[in-house]
Amino acid sequence: MAVNVLTQHNDLCRTGANTQETILTTANVASSFGPLFSDTVDGQVYAQPLYIQNLNISGGMHDVIFICTESNSVYALDADTPDITYWYTNFGEPFTSDCGDLLPFVGITSTPAIDLESGTIYVESCMQSGDHELHALDITTGAEKFGGPVTLTAPGFVPSIERQRAGLLLLNGVVYISFASYCDENDYHGFILGYNATNLTLQYTFNDTPTGTQGGIWSSGMAPAADTNGNIYVMTGNGTFDGTNNFAMSMIKLSANLTVEDYATPTNYQTLSDADLDFGSGGPVLLPTHYAVGIGKDLNLFLVDINNMGQVGNFAQEFPAEQYINDVVGQSPVYWQGPSMQYLFFAHEGNAAESFQFTGTNFNPTPLGTSSFYQSNSCGGLSLSANGTNNGIVWENGSDNNLRAYDAINFPNVLWMGSVGTWVQMTSPTIANGRVYLGTDSNVSVWGLTNFLYMQMGIQQPVLTWAAGTLLQSTNLSGPWVPNTASPPYTITPTNSQMFYQLSFQQN
């Protein structure tokens, strides 16, 4: 089964977890993990890398990563080999803002969304004029599709004051694009625009403060979540709230046509808003079976029953989850069903990453573990890899320019740590098929197991000669590992149609 990452934080619940990672384990990451290569790009990479395995591109089957930059560029790069660009496109000069939290340009900030069936990647770009454009690109060529790009317009929507950083949501043939502002400047609103995915026409519009102001859908890069019934969930920031027309400082449940169905709002919403402590600086994560969780700048963790969100003050649970109040929350929480319990991991600016137990109806408010590393500036993103309920690894992009791998069960035991170069705030790592991909200020870096050799099958029964060492085991990319006691030279016999085989060696 192909392992693809087609949307921000892996799935529409925004769990941040790849639970089909059969190669990376807590043991081999602790012993044999490190940098493999990096590819240079033309700007900062705020968008999470997306990944397609075995894509028919450039005359062959290749694993491909898609990278977007603030210079308004999109790259399709080989995910396994450095310096191979399958296609590259640039949309034109990006916007220049006086808002200091993203300098010097604002181009493509949000994570795109990929429709594998139609072979389309949807990308939002901000142009030098301040206009926003939606692009639908062929994933194999980068060519514009469906008459794109289209300039985003809606009643009351002033593009030059609306900032787009939340990831895109592709749901049932509609691309949903969310907006906040540049540094809370001007009388902006929190907008969601829904565009038809096949003809790029505007279908739905939601303004969360139509008779007020603000209510930005910031999300720290997270995309709106969506449940199996097609309902959409977002959290909103400072601004006007009345529970009738205006829904700032709220977690909102929307229908597919962007009608408010329910909401949850803290009782002290006005106090928080006045203090710039956005309730919705991050985004919600959907938990089994009918809950959503989010954390805002006041450091309280909020649990909501999505079947009855309670409106003002009636949360399923609310408790302080961190110590030091700061300005921007990171992209967590990240959810994982482990071997014996359900875990939630999150990080916050000025604080340490933590893990909590979710019982299925509430959280144990005592942390299971707390990291010794405290994020500064705007928080880096978290992701998780696991093989089902086993070998859970939490990956943290740190403001100290380091990537950390934690043992998810024994959190915060650090399995590995290494430099990423110059980090970019809010960006989450992408983990797929034994490799970790992360964008920085000028490149995309790739990490993996350093004592492993990856072979692309091009001939029958290839012979591998290893001058020193012992072949320990071999596998195709879907596993399982098979011990091998043969002596060199080793003959590899393909057992199925998988393109890649992985061989592990222990040096003498």
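Predicted model, so just to flag it, every value in this text is computed and none were measured. (Residues numbered from 1 in each chain as written. Predicted model: local features only at pLDDT ≥ 70, side-chain atom pairs only at ≥ 80, totals over all residues. Heavy atoms only, no water.)

How should unusual backbone geometry be read in this particular structure?
A negative phi angle is the norm for most residues apart from glycine, just as the trans form is the norm for most peptide bonds. With an omega of 0°, the peptide bond running from Leu103 to Pro104 counts as cis. Here the phi dihedral of Gln311 falls at roughly 60°; this positive angle occurs in a residue that is not glycine. As for its placement among the helices and strands, Gln311 is situated in strand β24 (residues 311-312). Looking at Gln311, the relative accessible area reads 38%, which means it is partly exposed. Despite not being glycine, Asn401 has its phi angle at roughly 70°, a positive value. (Helix = DSSP H or I, 4+ residues; strand = E, 2+ residues; numbered from the N terminus. Buried < 20%, exposed > 50% of the residue type's maximum accessible area, 1.4 Å probe, protein only.)

Before we go on, may I ask you to explain the sheet that holds strand β31 (residues 390-397) in this structure?
In a beta sheet, neighbouring strands are held together by backbone hydrogen bonds and run either parallel or antiparallel to one another. Strand order across the open sheet formed by 5 strands is β1-β30-β31-β32-β33, with mixed pairing between neighbours. Each edge of the sheet is formed by a strand with only one pairing partner; in this case those strands are β1 (17-18) and β33 (414-419). For strand β30 (residues 382-387) and β31, the ladder comprises 5 bridges, and the chain directions are antiparallel. Looking across to β31, one finds that Asn387 is bridged to Asn390. (Pairing = 2+ DSSP bridges.)

Would you explain the state of the cysteines in this entry?
Disulfides are covalent bonds that link the sulfur atoms of two cysteine residues. Across all of its chains, the model carries 1 disulfide by this definition. Covalent S-S linkage joins Cys99 and Cys183, the inter-sulfur distance amounting to 1.9 Å. Across the S-S bond linking Cys99 and Cys183, the dihedral sits near 80°, which makes this disulfide right-handed. Taken as a pair, Cys99 in the loop between β6 (85-90) and β7 (113-115) and Cys183 in the loop between β14 (180-181) and β15 (191-196) lie far apart in primary sequence, 84 residues in all. (Disulfide = S-S within 2.5 Å.)

Any chance you could explain the packing of aromatic side chains here in plain terms?
Aromatic rings considered in pairs are described by the distance between their centres and by the relative angle of their planes. In this structure the tally under the stated criterion is 24 aromatic pairs. Residues Tyr291 and Phe358 carry aromatic rings whose centres are separated by 6.1 Å and whose planes lie at 75° to one another, so their mutual orientation is edge-to-face. Placement of the pair is Tyr291 in strand β22 (residues 291-295) and Phe358 in strand β28 (residues 352-358), with a sequence separation of 67 residues. In this pair, the class of Tyr291 matches that of Phe358, namely buried. Aromatic rings pair up to connect Trp336, Tyr343, Phe345, Tyr406 and Phe411 into one cluster. Above the ring of Phe373, the side-chain terminus of Arg404 is found at 3.8 Å from the ring centroid. (Phe/Tyr/Trp six-rings, centres within 6.5 Å; stacked < 30°, edge-to-face > 60°. Lys NZ or Arg CZ within 6 Å of the ring centre and 35° of its normal.)

What's the story with the sheet that holds strand β18 (residues 232-235) in this structure? I'm lost.
Across the sheet, 5 strands lie side by side as β17-β18-β19-β20-β24; this open sheet has mixed pairing. The outermost strands of the open sheet, each flanked by one partner alone, are β17 (225-226) and β24. Pairing between β18 and strand β19 (residues 251-254): 4 bridges, direction antiparallel. Pairing of Met235 across the sheet is with Met251, part of β19.

Help me out: how do you make sense of the environment of Asn10 in this one?
Residue position: Asn10 is located in the segment before β1. Among the residues examined, Asn10 registers a relative accessible area of 19% and is labelled buried. In this structure the C-alpha to C-alpha distance between Asn10 and Thr430, which are 420 residues apart in sequence, comes to 8.4 Å. When near neighbours in sequence (up to four residues on either side) are disregarded, Asn10 contacts Val5, Gly16, Ala17, Asn18 and Gln48. (Contact = heavy atoms within 4.5 Å.)

How should the pairing of β28 be read in this particular structure?
Successive residues of a regular strand alternate their side chains across the two faces of the sheet. The buried count for β28 comes to 6 of 7 residues, which makes it a mostly enclosed element. As defined by bridge partners, strand β27 (residues 342-346) adjoins β28 across 5 bridges and the pair is classed as antiparallel. Note that in β28 the partner of Tyr343 across the bridge is Gln357. In sequence, β27 turns back onto β28 through a hairpin of 5 residues, with Gly350 there showing a positive phi of about 80°.

In this structure, what is going on with the environment of Lys297? I would like to understand it.
When you line up the elements, Lys297 lands in the loop between β22 and β23 (300-305). Given a relative accessible area of 6%, Lys297 falls into the buried group. Looking at Lys297, its side chain comes within polar contact range of the side chain of Asp278, at 2.8 Å. (Polar contact = N/O pair within 3.5 Å; in protein donor to acceptor, adjacent residues only side chain to side chain.)

So what exactly am I meant to see when it comes to the nonpolar core here?
Where a protein is soluble and globular, its nonpolar side chains tend to be buried together. Counting 35 residues, the largest nonpolar core has Ile65, Phe66, Ile67, Val74 and Trp87 as the members making the most contacts within it. If sequence neighbours within four positions are ignored, Val74 has contacts with Ile67, Cys68, Trp87, Tyr88, Thr89, Phe91, Ile108, Val123 and Leu137. One finds Ala113, Ile177, Phe179 and Ala197 within the second-largest nonpolar core, a separate group that totals 18 residues. (Core = buried A, V, L, I, M, F, W, Y, C linked by side-chain atoms within 4.5 Å.)

I tried to follow the confidence of the model for the protein on my own but got confused; where do I start?
Low-pLDDT stretches of the model should not have their predicted coordinates read in fine detail. Of all residues in the protein, 86% have pLDDT values of 70 or greater, and the mean over the chain is 89. Here residues 496-501 is a poorly scored stretch, pLDDT under 50, and it has 27 contacts once near neighbours within four places are set aside; other chains count. (pLDDT = per-residue confidence, 0-100.)

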